[in-house]
Amino acid sequence: MKREPFFWVTISCGVIIMAFILLPLIEMMRAPSVSMLGQTIKDKDVLRSIWLSIYTAGSAALISFVFGTPLAYLLARTHFKGKQLIESIVDLPIVIPHPVVGIAILSVAGRNHWVGQLMAELGLRVMGSVTGIITVLTFVGMPFYINSVKEGIEGISPRLENVSRSLGASMFSTFFRITFPLAWRSMLAGIIMCAARAVSEFGAVVIVAYHPMIAPVMIYERFEAYGLKYSQPVAVWLVALCLTLFLILRLIALPRKAQV
Amino acid sequence: MIKIKDLNIHLGEFNLHDINLSIEKNQFFVLMGPTGAGKTVLLEAIAGLVSVKSGRIFIEDRDVTMLPPEKRGVSIVYQDYALFPHLNVERNVTYGAVFHKIDKDQAAKRLDWLASQLNLSHLLRRHPITLSGGELQRVALARALMVDPKVILLDEPLSALDPTFREEVRHLLKKIHDSSDVTFLMVTHDFAEALSLATQAAIMDNGTIEQVGNIQDIFLRPCSSLVADFVGMKNIFSATFKGTKALAGNLEFEIARKPTNSHGYIAIRPEDIVISKERLASSMRNSFRGVVTGMFDQGFSYEVHINVGDITFKSLITKGSLFELGIHEGVEVFLSFKATAVHNF
């Protein structure tokens, strides 16, 4: 059968996009020599920054899980006036330019604001601290978690919950026995999305906490101070570690054939 | 048993207005009505799954209007079964036991009993995704009965099943109802189904109850054209039964099954009656000669009234066949229908 021109347009665009995404990444991964990679990973500063990146992104995902799940449930199950407004607010961090996020958070966490004063009294410091980094990463990552889980819960028939309640289960029991076991994959997917977004954040973090240094900040610093060659190995390690972690989580989140 | 007083519900697209209903203990009560009439909403209101705007709901003289679903002693069975996909059949059925403080031994005993009653014993380890429609509905029933509810709400439990399973589940419903003291409230839009199972019924339309009462009264004396339309069977005659024959007026009908009662009614759907100019040489065991007394345009078809002796039959035929047969008032025709088309009750 003769393919139509339209078919060839779709194929060529696909190839161009694949190359556009993969070529820079592959070139970057290939650039540093094995010995340089070895040297870099022995550098304590590098290790610490990559660990800090993973740790703070993971914390942001965990916070999103704890606080975002109930909201995602509410948005998936109820209809109320102003729901769209709430949904837009949830999406807001996605559309705000990253440095603006940093500045916005600082204007609340500073000494001139009552929230900042309250936090200072509690001994919490945002500026230049791990707390600050986690705050920023949660801010930018939360929407991805909530949206993913909301979609997951919407896919579960509310009738299952209805039946569970009519059989005597409270709302809490129903959530933990029915909704959670059926939605955990979407929660894990949300955690992956949220953590992936958080790990890549640079613009907002650099304003709130240049130090302690997360990996993207360190890569930027090395690039600024010493150039491309010196920043590449750190980038390669960050990408490699994150990809491995996400791949593992993805595999867990894949639906197994035998079940459900 | 169940009493509903001036119930109003506003859910946006579905609203219920001034519902008043009273259902006796251990009754098999049927709610009927066209799609969108609000039948499911009413069930969910009784189960406590939708919020009530005004009015009261009582179950066993207890005001449950403000009680959460888990405190009402009401089980619900949905048309799409709503089995928990992540649990196997056994864990689906026993799901409610822990919340009703049924201990393990007791739960196991009850599971055994339900499994034998509903023929589930060989399915206990299976997951819902591997079951057929009839099996799914049996599991859903067992799960609802496990917790020994006061009321069981059935939302069109038969309509998603294919005919063989439908017959089987209908049989089961009757058996379970007869052998327990549970009150059954079932939504259906199939009148024949309602007739075979229930004694009392309510017809709903547009969020209100159009008619409540004995199901045969509704059948024979619909209070509005909507109910009459809904009931569908227009040929209803009082009859006496003798073996597989029914006598109505001076006519003798062949019926498919021997009725248990000696007096009752027979009913034939208009679309089941075939009109012809000559006597048909077919397997249809009921055949009469009559005179056309009226023809009524119904859009795609005509309703033709035919007098046979002192009985008037109503038959539905397409406009095409009406002209082909050259039917007009006063003309003599034959009408035929199968023995299985004669419903008796």
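**Quick look at the interface of chain B and chain A**
Consideration 1: Taken residue by residue, the interface counts 26 residues in chain B and 19 residues in chain A.
Consideration 2: Here chain B and chain A share 3 salt bridges between them.
Consideration 3: Between Arg 165 of chain A and Glu 70 of chain B there is a salt bridge; the shortest N-O distance is 2.6 Å.
Consideration 4: Along the contact surface separating chain B from chain A lie 6 residue pairs in polar contact (both at pLDDT 80 or more).
Consideration 5: Listed by contribution, the elements that provide at least two residues to the side of chain B that touches chain A are helix 1 (39-47), strand 6 (74-77) and helix 4 (133-146) of chain B.
Consideration 6: For the side of chain B that touches chain A, the leading source of residues is strand 6 of chain B, giving 3 residues.
Consideration 7: The residue makeup of the side of chain B that touches chain A, split by class, is 16 nonpolar, 5 polar and 5 charged.

**A closer look at the sheet that holds strand 3 (residues 28-32) of chain B**
Residue and element names in this part refer to chain B.
Consideration 1: Pairing in this open sheet of 6 strands is mixed, and the strands run 6-7-8-3-9-10 from one edge to the other. Pairing within the sheet leaves two strands with one partner each, and these edge strands are strand 6 and strand 10 (208-214). Strand-to-strand twist across the sheet, computed as the mean angle between neighbouring axes with direction ignored, equals 15 degrees.
Consideration 2: Bridge count for strand 3 against strand 9 (residues 200-205) is 4 bridges, and the pairing is parallel. Pairing of Leu 31 across the sheet is with Ala 202, part of strand 9.
Consideration 3: Helix 1 contacts strand 3, strand 6, strand 7 (151-155), strand 8 (183-188) and strand 9 of the sheet and is inclined by roughly 155 degrees relative to strand 7.

**A few points about the environment of Ile 76 of chain B**
Consideration 1: Within the fold, Ile 76 of chain B resides in strand 6.
Consideration 2: Measuring from C-alpha to C-alpha, the distance between Ile 76 of chain B and Glu 24 of chain B comes to 18 Å, with 52 residues separating the pair along the chain.
Consideration 3: Residue contacts for Ile 76 of chain B: discarding those within four places in its chain leaves Val 163 and Ser 166 of chain A together with Glu 44, Leu 49 and Leu 153 of chain B.

**Observations regarding unusual backbone geometry**
Consideration 1: Put simply, His 211 of chain A and Pro 212 of chain A share a cis peptide bond, and its omega is -10 degrees.
Consideration 2: Within the secondary structure layout, Pro 212 of chain A lies in the loop between helix 10 (203-208) and helix 11 (215-226).
Consideration 3: Despite not being glycine, Asn 119 of chain B shows a phi value in the positive range, around 55 degrees.
Consideration 4: Mapping Asn 119 of chain B onto the fold places it in the loop between helix 3 (104-117) and helix 4.

**Some words on the pattern of salt bridges**
Consideration 1: The full count for this structure, using the stated rule, is 19 salt bridges over all chains.
Consideration 2: As a salt-bridge pair, Lys 150 of chain A and Glu 87 of chain A come within 2.8 Å of each other at their nearest N and O atoms. With Lys 150 of chain A in helix 7 (residues 130-154) and Glu 87 of chain A in helix 4 (residues 83-95), the pair connects residues that are 63 residues apart, well separated along the chain.
Consideration 3: The network of salt bridges with shared partners includes Arg 159 of chain A together with Asp 80 and Asp 155 of chain B.

**Structural notes on the packing of aromatic side chains**
Each aromatic ring pair is summarised here by two numbers: the centre-to-centre distance and the angle between the ring planes.
Consideration 1: For the coordinates displayed, the defined rule picks out 18 aromatic pairs over all chains.
Consideration 2: Look at Phe 288 of chain B and Phe 337 of chain B: their rings are 6.1 Å apart centre to centre, the planes differ by 40 degrees, and that puts the pair in the tilted class. Taken together, the residues Phe 288 of chain B in strand 16 (residues 286-297) and Phe 337 of chain B in strand 19 (residues 332-337) connect sequence positions 49 residues apart. In terms of burial, Phe 288 of chain B and Phe 337 of chain B fall into one category: buried.
Consideration 3: Ring-pair connections join several aromatic residues into one group, and the members of that group are Phe 237, Phe 253, Phe 288, Phe 313 and Phe 337 of chain B.
Consideration 4: Lying over the aromatic face of Phe 7 of chain A, Arg 3 of chain A brings its terminal NZ or CZ to 4.3 Å of the ring centre.
Consideration 5: One Lys or Arg, Arg 143 of chain B, reaches over the ring of Phe 84 of chain B and ends 4.5 Å from the middle of that ring.

**With respect to the sheet that holds strand 11 (residues 235-242) of chain B**
Residue and element names in this part refer to chain B.
Consideration 1: Taken in spatial order, the 5 strands line up as 13-12-11-14-20 in an open sheet, and their pairing is antiparallel. The sheet terminates laterally at strand 13 (251-254) and strand 20 (342-344), the two strands that pair on one side only. Mean inter-strand twist for the sheet, computed between neighbouring axes without regard to direction, equals 40 degrees.
Consideration 2: Across 6 bridges, the pairing between strand 11 and strand 14 (residues 263-268) is antiparallel. Note on strand 14: the bridge partner recorded for Asn 235 is Ile 268.

**A few points about the pairing of strand 9 of chain B**
Residues and elements named next belong to chain B.
Consideration 1: Most of strand 9 is tucked away: 5 of the 6 residues are buried.
Consideration 2: Bridge analysis of strand 9 against strand 10 gives 6 bridges, and the strand direction is antiparallel. Along strand 10, the bridge assignment pairs Asp 205 with Thr 208.
Consideration 3: Joining the antiparallel neighbours strand 9 and strand 10 is a turn of 2 residues, in which Asn 206 adopts a positive phi near 55 degrees.

**Considering the environment of Phe 288 of chain B**
Consideration 1: Look at Phe 288 of chain B and you get buried, because its relative accessible area is 10%.
Consideration 2: Non-local contacts of Phe 288 of chain B, meaning those with residues more than four positions away in its chain, are made with Leu 251, Glu 252, Phe 253, Val 308, Phe 313, Val 333, Phe 334, Leu 335 and Phe 337 of chain B.

**Structural notes on the packing of helix 4 of chain B against helix 5 (residues 163-179) of chain B**
All names here are of chain B.
Consideration 1: Here helix 4 crosses helix 5 at 15 degrees, and the two axes come no closer than 10 Å. Overall, the two elements helix 4 and helix 5 adopt an arrangement that is roughly parallel. The two elements helix 4 and helix 5 meet at a crossing, and its hand is right-handed. Residue-level inspection shows Gly 134, Gln 137, Arg 138, Leu 141 and Leu 145 of helix 4 in contact with helix 5, the latter providing Phe 165, Glu 168, Val 169, Leu 172, Leu 173 and Ile 176.
Consideration 2: Of the residues belonging to the contact of helix 4 with helix 5, the class tally is 7 nonpolar, 2 polar and 2 charged.

The rules behind the values
- Residues numbered from 1 in each chain as written.
- Chains lettered and ligands numbered in written order.
- Predicted model: local features only at pLDDT ≥ 70, side-chain atom pairs only at ≥ 80, totals over all residues.
- Heavy atoms only, no water.
- Contact = heavy atoms within 4.5 Å.
- Salt bridge = Lys/Arg side-chain N within 4 Å of Asp/Glu carboxyl O.
- Polar contact = N/O pair within 3.5 Å; in protein donor to acceptor, adjacent residues only side chain to side chain.
- Helix = DSSP H or I, 4+ residues; strand = E, 2+ residues; numbered from the N terminus.
- Nonpolar A, V, L, I, M, F, W, Y, C, P; charged D, E, K, R; others polar.
- Pairing = 2+ DSSP bridges.
- Axes fitted to C-alpha atoms, helices over the stretch in contact; angles between N-to-C directions.
- Phe/Tyr/Trp six-rings, centres within 6.5 Å; stacked < 30°, edge-to-face > 60°.
- Buried < 20%, exposed > 50% of the residue type's maximum accessible area, 1.4 Å probe, protein only.
- Lys NZ or Arg CZ within 6 Å of the ring centre and 35° of its normal.
- Parallel < 35°, antiparallel > 145°, perpendicular 65-115°, else oblique.
- Left-handed = near helix turned anticlockwise from the far one by under 90°.

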